[in-house]
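A look at the structure
Below are the chains, spelled out letter by letter.
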Amino acid sequence: MTIQSKVVGTSEIYRCMCNISRATFYRVVMVDPTFPKPFKIGLRKNAWLRADIVAWIDSLAARVAA
């Protein structure tokens, strides 16, 4: 059994969770108002709650399915 962190960083979101390029990730962050807002965990490090990202992905899937 693996333990997943409640917090995810930029690279985990675009590489593992969304499977998109880094450039596309930053484009989504800048353009999509529904994308969750990050919080700082260091001077230059942003993080998101895993549950917020999963909920955002689920909302995209629901929009496509509708």
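The rules behind these values
Residues numbered from 1 in each chain as written. Predicted model: local features only at pLDDT ≥ 70, side-chain atom pairs only at ≥ 80, totals over all residues. Heavy atoms only, no water. Axes fitted to C-alpha atoms, helices over the stretch in contact; angles between N-to-C directions. Helix = DSSP H or I, 4+ residues; strand = E, 2+ residues; numbered from the N terminus. Parallel < 35°, antiparallel > 145°, perpendicular 65-115°, else oblique. Left-handed = near helix turned anticlockwise from the far one by under 90°. Contact = heavy atoms within 4.5 Å. Nonpolar A, V, L, I, M, F, W, Y, C, P; charged D, E, K, R; others polar. Salt bridge = Lys/Arg side-chain N within 4 Å of Asp/Glu carboxyl O. Buried < 20%, exposed > 50% of the residue type's maximum accessible area, 1.4 Å probe, protein only. Pairing = 2+ DSSP bridges.

1. A short note on the packing of helix α1 (residues 10-17) against helix α2 (residues 22-31)
Angle between the axes and distance between the axes are the two parameters that describe a pair of packed helices. The contact between α1 and α2 brings their axes to 10 Å, and the two run at 110°. The orientation of α1 with respect to α2, classified from their angle, is roughly perpendicular. Crossing of α1 against α2: the hand is right-handed. Counting all contacts with α1, which are made through Thr10, Ile13 and Tyr14, the residues of α2 involved are Arg22, Phe25 and Tyr26. Of the residues that constitute the contact of α1 with α2, the class distribution is 4 nonpolar, 1 polar and 1 charged.

2. Focus on the pattern of salt bridges
With the rule as written, the count across this model stands at 1 salt bridge. Linking Arg50 and Glu12 is a salt bridge whose minimum nitrogen-to-oxygen distance equals 2.8 Å. Of this pair, Arg50 sits in helix α3 (residues 50-65) while Glu12 sits in helix α1, and the two are 38 residues apart along the sequence. Since its relative accessible area comes to 14%, Arg50 is described here as buried.

3. Some points on the sheet that holds strand β2 (residues 39-40)
In space, the 3 strands of this open sheet follow the order β1-β3-β2, with antiparallel pairing throughout. Of all strands in the sheet, those bounded by a partner on one side alone are β1 (7-9) and β2. In this structure, β1 lies alongside strand β3 (residues 46-49), joined through 3 bridges in antiparallel fashion. When the bridges of β3 are listed, Val7 appears paired with Leu49. α3 contacts β1 and β3 of the sheet and is inclined by roughly 70° relative to β3.

Remember that the coordinates give geometry; whether it matters functionally is a separate question.
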